[in-house]
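Report on the structure
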Amino acid sequence: MKDDCPMLTACDLHKTYRKNADQVRVLRGLDLEVEAGEFACVVGASGSGKSTMLHLLGTLDRPDQGEIRLEGERIDNLPSERRDRLRNQTFGFIFQFYHLLPELNTLENVLVPHMIAHSLWSWLGERRVLRRRAQELLDRVGLGHRLRHRPRELSGGEMQRAAIARALVNHPRILLADEPTGNLDAANGKEIIRLLRDLNRQDGLTIIMVTHNLDLVAGTDRVVRLTEGQVEETNPSPRIAARGLRLAE
């Protein structure tokens, strides 16, 4: 790995989905670089390829053509076991519809990535430490009082907070957020964005967030606009532009 390599790089990504005789070209030569510690916001119309791009970056799917590199190392062509490990330990995922398991309580849902990463005996030996880590995260996202509640007993904002804690429990280096406020009202959406900003600024967490809501871009470092499966433009957000003006004064 070279010191000057971006944290995550996508080069000439192509992706086509096929159903019977129909073909839908979603990505058409997408290029993107994301630096360590950056909070990048990806915007674009429905069908522009935002979610597909995020799934490819996180190795949830493979591109038909092109490469994805993590700090210079190609990851899209790794064996499935290594890609599984990346999704469990390097990438954290947040989805619009939370994907909490309804039969588990809040604490148990947050512990799921730990359960996947550990063998039975390893889990039994370390569960107290792992549970403490999960409880600390739930305290941080404001759910320390909801540990034993199941998803049906939580509000939409609380479920998304639980999903964020789950995404962070294995100390990921990159957080991939797919429409994290898309199923929330305005007030809860603002709280989720505030939480993501704090994680980025205080912990240095690299975040790539997909959204339709242009009101959310002001607190991010860069805005990437997708059009018909390609990056049309990439600009610093108003916050970063303002910072540059202050430094120039």
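Before reading on, note that the structure itself is shown above.
Summarised in this report is the structure supplied together with it.

The rules we used
- Counting of residues starts from 1 at the beginning of each chain's written sequence and follows it residue by residue.
- This being a predicted model, a pLDDT of at least 70 is required before a residue's local features are given, and a value of 80 or more before pairs of side-chain atoms are given or counted; all residues contribute to the totals for chains, interfaces and linings.
- The side-chain quantities take in all heavy atoms of the structure and omit both hydrogens and water.
- Helical segments are the DSSP runs of H or I of at least four residues, strand segments are the runs of E of at least two, and each set is numbered from the N terminus.
- The globule rule is 2.2 Å times the number of residues to the power 0.38, and the radius of gyration it is compared with is taken over C-alpha atoms.
- Burial status follows relative accessibility: with a 1.4 Å probe on protein chains alone, a residue under 20% of its type maximum counts as buried, one over 50% as exposed, and anything between as partly exposed.
- We call two residues contacting when some pair of their heavy atoms lies within 4.5 Å.
- With residues, only the protein chains shown are counted as cover, and all accessible areas are computed by Shrake-Rupley using a 1.4 Å probe.
- When a carboxyl oxygen of Asp or Glu lies within 4 Å of a side-chain nitrogen of Lys or Arg, that pair is called a salt bridge.
- A fitted line through C-alpha atoms serves as each axis, taken over the contacting stretch for helices, and the angle formed by two N-to-C directions is quoted from 0 to 180°.
- Should an angle fall under 35 degrees it is called roughly parallel, over 145 degrees roughly antiparallel, and 65 to 115 degrees roughly perpendicular, with every other angle called oblique.
- Handedness of a helix crossing follows the sense of rotation of the near helix relative to the far helix, less than a right angle counterclockwise being left-handed and clockwise being right-handed.
- Basically, the charged four are Asp, Glu, Lys and Arg, the nonpolar ten are Ala, Val, Leu, Ile, Met, Phe, Trp, Tyr, Cys and Pro, and anything else, Gly included, counts as polar.
- Only when DSSP finds a minimum of two bridges between them are two strands counted as paired.
- Residues belong to one nonpolar core when they are buried, are Ala, Val, Leu, Ile, Met, Phe, Trp, Tyr or Cys, and are joined through side-chain atoms within 4.5 Å.

Time to look at the overall build of the protein. On a plain count of helices and strands, the protein comes out with seven helices and 10 strands. A globule of 249 residues ought to have a C-alpha radius of gyration of about 18 Å, and the protein, at 18 Å, matches this closely. Overall size of the protein, expressed as C-alpha extent along the three principal axes, is 50 × 45 × 40 Å. Taken across its 249 residues, the protein has 49% of its residues classed as buried. Taking all contacts inside the protein whose residues are at least 6 apart in sequence as the whole, residues at least 24 apart take part in 68%. Summed over all atoms, the accessible surface of the protein reaches about 12,800 Å², with 48% contributed by carbon and sulfur.

A few words on the pattern of salt bridges. Scanning the entire structure with this criterion turns up 15 salt bridges. Residue glutamate 73 is joined to arginine 82 by a salt bridge in which the shortest nitrogen-to-oxygen separation is 2.9 Å. Its relative accessible area of 39% is what places glutamate 73 among the partly exposed residues. Overall, arginine 82 belongs to the partly exposed group, its relative accessible area being 36%. When salt bridges that share partners are traced, they join Glu67, Arg69, Arg74 and Asp76 into one network.

Running from N to C, helix H3 (residues 106-117) and helix H4 (residues 120-140) point in directions that differ by 125°, and their axes come no closer than 9 Å. Here H3 lies oblique to H4, going by the angle between them. The two elements H3 and H4 meet at a crossing, and its hand is right-handed. Within the contact between the two elements, H3 uses Thr106, Leu107, Val110, Leu111, His114 and Met115 and H4 uses Trp123, Leu130, Arg131, Arg133, Ala134, Gln135 and Leu138. A breakdown of the residues in the contact of H3 with H4 according to their chemical character gives eight nonpolar, three polar and two charged.

In spatial order, the strands read S2-S1-S4-S5; together these four strands make up an open sheet with antiparallel pairing. Both outer strands of the open sheet, strand S2 (22-34) and strand S5 (73-74), are each paired with one neighbouring strand and no more. On top of the sheet, helix H1 (residues 50-57) reaches strand S1 (8-19), S2 and strand S4 (65-70); it is set at about 65° to S2, its chief contact.

This part takes up the nonpolar core. One finds Leu138, Ile164, Leu175, Leu196 and Met209 to be the most contacted residues of the largest nonpolar core, which totals 40 residues. At the level of elements, strand S3 (39-43), H3, H4, helix H5 (156-168), strand S7 (174-178), helix H6 (186-203) and strand S8 (206-210) are the ones that each hand at least two residues to this core. Examining the composition of this core, we find that seven residues originate from one element, H5, more than from any other. Sequence-distant contacts of leucine 175, defined by excluding residues within four places in its chain, comprise Gly92, Phe93, Ile94, Ala167, Leu168, Leu196, Leu205, Thr206, Ile207 and Ile208. If you look at the next biggest cluster of nonpolar residues, it comprises 27 residues, including Ala10, Leu57, Ile75 and Ile208.

Here the focus is the packing of H4 against H5. Their axes nearest at 9 Å, the elements H4 and H5 cross at an angle of 140°. Classified by the angle their axes make, H4 and H5 are oblique. Read as a crossing pair, H4 and H5 show a hand that is right-handed. Here H4 contributes Arg133, Leu137 and Leu138 to the contact with H5, which in turn contributes Ala162, Ala165 and Leu168. Across the contact of H4 with H5, the residue classes break down as five nonpolar, no polar and one charged.

Pairing geometry for S1 and S2, over 10 bridges, is antiparallel. Each bridged residue has a counterpart across the sheet, and for lysine 19 the counterpart in S2 is aspartate 22. Hairpin remark: S1 followed by S2, antiparallel, with two residues in the connecting loop; positive phi at asparagine 20, about 60°.

All right, on to H1 then. Along H1, six of the eight residues are buried, which leaves the element largely enclosed by surrounding structure. Every buried residue belonging to H1 is among Lys50, Thr52, Met53, Leu54, Leu56 and Leu57, and all of these are buried. Taken from the residues just after H1, threonine 59 is the one with a positive phi, measuring 60°.

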